[in-house]
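Secondary and tertiary structure notes
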Amino acid sequence: MSATEKSFPVSWEQFHRDARALAWRLAGARAEWKAIVCITRGGLVPAAIIARELGTRLIETVCIASYHDYNEQGDLKVLKEISPALLENEGDGILIVDDLTDTGKTAALVRAMLPKAHFATVYAKPKGRPLVDTFITEVSQDTWIFFPWDLGLTFQAPIARGSAG
Ligand SMILES: O=P(O)(O)OC[C@H]1O[C@H](OP(=O)(O)OP(=O)(O)O)[C@H](O)[C@@H]1O
Ligand code: HPA
Ligand SMILES: [Mg+2]
């Protein structure tokens, strides 16, 4: 991915609110989803919240890794594929969930596995946006989203001291 200049830190409360907002939209898109396929690891957290809101009990994972060192994307590696039972009818009625789409490479790979599934992410950047059916918040391509599970409480330098700290 390209160099990121801005940061968008997300608290647990904000993530919960945004994932719940996504669930509201998905509830309006279809009466019932056959299953949720979540893209690990980031998709596990919104998938749990959405499954709770929509009453979905069948949850599958597709395990993909690509960002190895902070914001450096390497080759996409599929560590675990989707169960063949869920690949029937090209994924019609299946909901794919991830935390975000950035370049769209992960979304394109999973979309090819389930072409008729509905793809939902909590956050989207412009390059990935066309690959997603439903999302909540868009941030610019040069923004890095910091998820609550990657953050801790640290001292913040006063604004008057400037970025030098
Ligand atoms: O649109 P893209 O540029 O493909 O990037 C988006 C993907 O990158 C992150 O996953 P990552 O591969 O870092 O693994 P993780 O979910 O285990 O953190 C994120 O959770 C998305 O799945
Ligand atoms: O902006 C991001 N934040 C966290 N993980 C990511 N993986 C790709 N882009 C991002
Ligand atoms: Mg991921």
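To start, this report covers the structure provided alongside it. Throughout this document, residue positions are counted from 1 along each chain, in the order its sequence is written. In the order they appear in the text, chains get letters beginning with A and ligands get numbers beginning with 1. Local features in a predicted model are, by the rule used here, given only for residues with pLDDT of at least 70; side-chain atom pairs are given and counted only at 80 or more, and totals for whole chains, interfaces and linings are based on all residues.

Glancing now at helix H3 (residues 105-113). Exposure criterion: with C-beta atoms placed from backbone coordinates, a residue whose C-beta has 20 or more other C-beta atoms within 10 Å is buried, one with 12 or fewer is exposed, and one in between is partly exposed. To qualify as a helix, a DSSP run of H or I must reach at least 4 residues; to qualify as a strand, a run of E must reach at least 2; elements of each kind are numbered from the N terminus. Looking at H3, one finds that the buried residues are Thr106, Ala107 and Val110. Along the axis of H3, the buried residues cluster in a sector spanning 95°; they form a single face. Our arc is simply the arc of the directions from the helix axis toward the C-beta atoms.

Given 3.6 residues to a turn, an α-helix orients residues that are three or four positions apart in the same direction. Here a helix's expected span is defined as the number of its residues, less one, multiplied by 1.5 Å. For helix H1 (residues 12-29), with 18 residues, the first-to-last C-alpha span of 26 Å sits near the 26 Å given by 1.5 Å per residue. Among all positions of H1, only Phe15, Ala19, Leu22, Ala23 and Leu26 are buried. Across the axial projection of H1, the buried residues extend over an arc of 105°, all falling on one side. Seen from the buried face of H1, the exposed residues on the opposite side, beyond 90 degrees, are Glu13, Trp24 and Gly28.

We now examine the environment of Gly93. Position of Gly93 among the secondary structure elements: in the loop between strand E4 (72-80) and strand E5 (94-101). According to the C-beta neighbour criterion, Gly93 is partly exposed, with 15 such atoms within 10 Å. Once residues within four sequence positions are removed from consideration, Gly93 is found in contact with Trp33 and Lys34. Two residues qualify as a contact pair if the distance between their C-beta atoms, derived from the backbone, is within 7 Å.

The subject of this paragraph is the pairing of strand E2 (residues 35-40). E2 sits mainly inside the fold: 5 of its 6 residues count as buried. Relative to E5, E2 runs parallel, the two sharing 4 bridges. In the sheet register, Ile36 faces E5, and the bridge partner there is Leu95. Here, strands pair whenever DSSP counts at least two bridges between them.

The next subject is the site of ligand 2. We count a residue as near a molecule or strand when its backbone-placed C-beta atom lies within 6 Å of that partner. The full set of residues close to ligand 2 is Tyr67, Leu100, Asp102, Trp144, Ile145 and Phe147. Across the shell around ligand 2, the residue classes tally to 5 nonpolar, no polar and 1 charged. Classes in brief: Ala, Val, Leu, Ile, Met, Phe, Trp, Tyr, Cys and Pro nonpolar; Asp, Glu, Lys and Arg charged; the others, Gly included, polar.

Glancing now at the site of ligand 1. What surrounds ligand 1 is a group of 21 residues, the closest being Gly42, Tyr67, Asp102, Thr103 and Thr106. For the shell around ligand 1, the elements supplying multiple residues, two or more each, are E2, strand E3 (59-69), E5 and H3.

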